[in-house]
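# Chain and residue survey
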Amino acid sequence: MDNTEKKFQENRFEIFEKLVRKHFSFLEKDFGFKFLSAERSDDACVVIKYISNKVFLNFFYGHPGYELDVSFGRVGIEDQPNANSFRTGDLLYLDGNKNWLDYQVYSAYSYDNLVAGLPKLASFLKECGRKVFLGDSNVYLKMLNGRQKHLERQDLLQIKNKATAAWDKKNYKELIKLLNPFRTYLSPLEKKRFDYSLKKVS
């Protein structure tokens with residue numbers, strides 16, 4: 001049995017465009033999107049663009065990672081200069097999408113991964129993106145709040161890691177400096193270390 005991956009018989013970007021048009025036809029049928037364009041940057045990447053009255057979606061595929069992902073946002077808001085659009089991961093901040101928490105963006109350099117990955121992305125967007133495709137501002141606000149909380153948790157985790165390093169070095173002043181603004185978020189062990197550090201520097 002031949003286990004080698006199937007090779008691209010056509011230009012990979014042409015195949016990508018055909019598969020996107022096929023698997024994401026529900027955008028046009030169910031949500032009123034229109035295919036806008038397929039824009040190529042030499043042989044480096046392609047961007048497939050869809051738009052409705054309220055929402056835009058851009059499918060990117062190309063160098064260096066060949067990841068299957070999409071950016072989206074509200075027309076007139078997230079498509080403006082210096083604005084940040086949303087990605088598939090932001091959909092997980094919405095209620096009702098918990099079944100997809102283990103979803104990962106596919107790297108589809110090979111033909112096999114491209115053919116397998118796009119239908120999964122389509123299923124993910126069809127189930128998790130329905131409210132987003134309608135342009136409901138409350139839904140976008142929930143995603144923004146979820147993204148902000150995630151960033152705050154990441155920042156707090158980094159600070160706690162630095163505090164642990166300070167504890168290991170018996171740098172009690174540094175530990176206090178790091179953890180003092182976050183005292184309400186400390187675990188029992190971190191609280192004990194914080195109180196101990198206060199006693200050591202007093």
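Here's what I pulled together on the structure shown here. Quick caveat: nothing in here was measured; it's all calculated off a predicted structure.

## Quick word on the environment of serine 107
- Topologically, serine 107 is positioned in strand β6 (residues 106-107).
- It is 5.5 Å that separates the C-alpha atoms of serine 107 and tyrosine 66, two residues lying 41 residues apart in sequence.
- Sequence-distant contacts of serine 107, defined by excluding residues within four places in its chain, comprise Gly65, Tyr66, Glu67 and Asn113.
- Among the polar contacts listed, one links the side chain of serine 107 to the backbone oxygen of glycine 65, at a separation of 2.9 Å.

## A closer look at the packing of aromatic side chains
- A complete count under the given rule lists 20 aromatic pairs for this structure.
- Arranged with centres 5.9 Å apart and planes meeting at 75°, the rings of tyrosine 50 and phenylalanine 59 form a pair that is edge-to-face.
- The class for tyrosine 50 is buried, based on a relative accessible area of 1%.
- By relative accessible area, which is 1% here, phenylalanine 59 ends up buried.
- Geometrically, the ring pair formed by tyrosine 172 and tyrosine 196 is edge-to-face, given 5.8 Å between the ring centres and 70° between the ring planes. One end of the pair, tyrosine 172, is in helix α6 (residues 172-179); the other, tyrosine 196, is in helix α7 (residues 188-201), and 24 residues separate them in sequence.
- The aromatic ring of tyrosine 109 is capped on one face by arginine 12, whose charged end is 4.5 Å from the ring centroid.
- When the ring centre of phenylalanine 35 is taken as origin, the NZ or CZ atom of arginine 21, which lies over that ring, is 3.9 Å away.

## Brief notes about the nonpolar core
- Phe16, Phe24, Phe59 and Leu125 are the most contacted members of the largest nonpolar core, which has 41 residues in total.
- Among the secondary structure elements, those contributing two or more residues to this core are α1 (12-23), α2 (26-31), β2 (45-51), β3 (55-62), β4 (67-74), α3 (111-128), α4 (130-133) and α5 (137-168).
- Not counting the four nearest positions on each side in its chain, phenylalanine 16 is found in contact with Val46, Ile48, Phe59, Phe60, Tyr61, Leu68, Leu114 and Leu118.
- Counting residues in each nonpolar core, the second largest holds 9 residues, with Ala166, Leu175, Leu186 and Phe194 among its members.

Cut-offs used in this document
- Residues numbered from 1 in each chain as written.
- Predicted model: local features only at pLDDT ≥ 70, side-chain atom pairs only at ≥ 80, totals over all residues.
- Heavy atoms only, no water.
- Helix = DSSP H or I, 4+ residues; strand = E, 2+ residues; numbered from the N terminus.
- Contact = heavy atoms within 4.5 Å.
- Polar contact = N/O pair within 3.5 Å; in protein donor to acceptor, adjacent residues only side chain to side chain.
- Phe/Tyr/Trp six-rings, centres within 6.5 Å; stacked < 30°, edge-to-face > 60°.
- Buried < 20%, exposed > 50% of the residue type's maximum accessible area, 1.4 Å probe, protein only.
- Lys NZ or Arg CZ within 6 Å of the ring centre and 35° of its normal.
- Core = buried A, V, L, I, M, F, W, Y, C linked by side-chain atoms within 4.5 Å.

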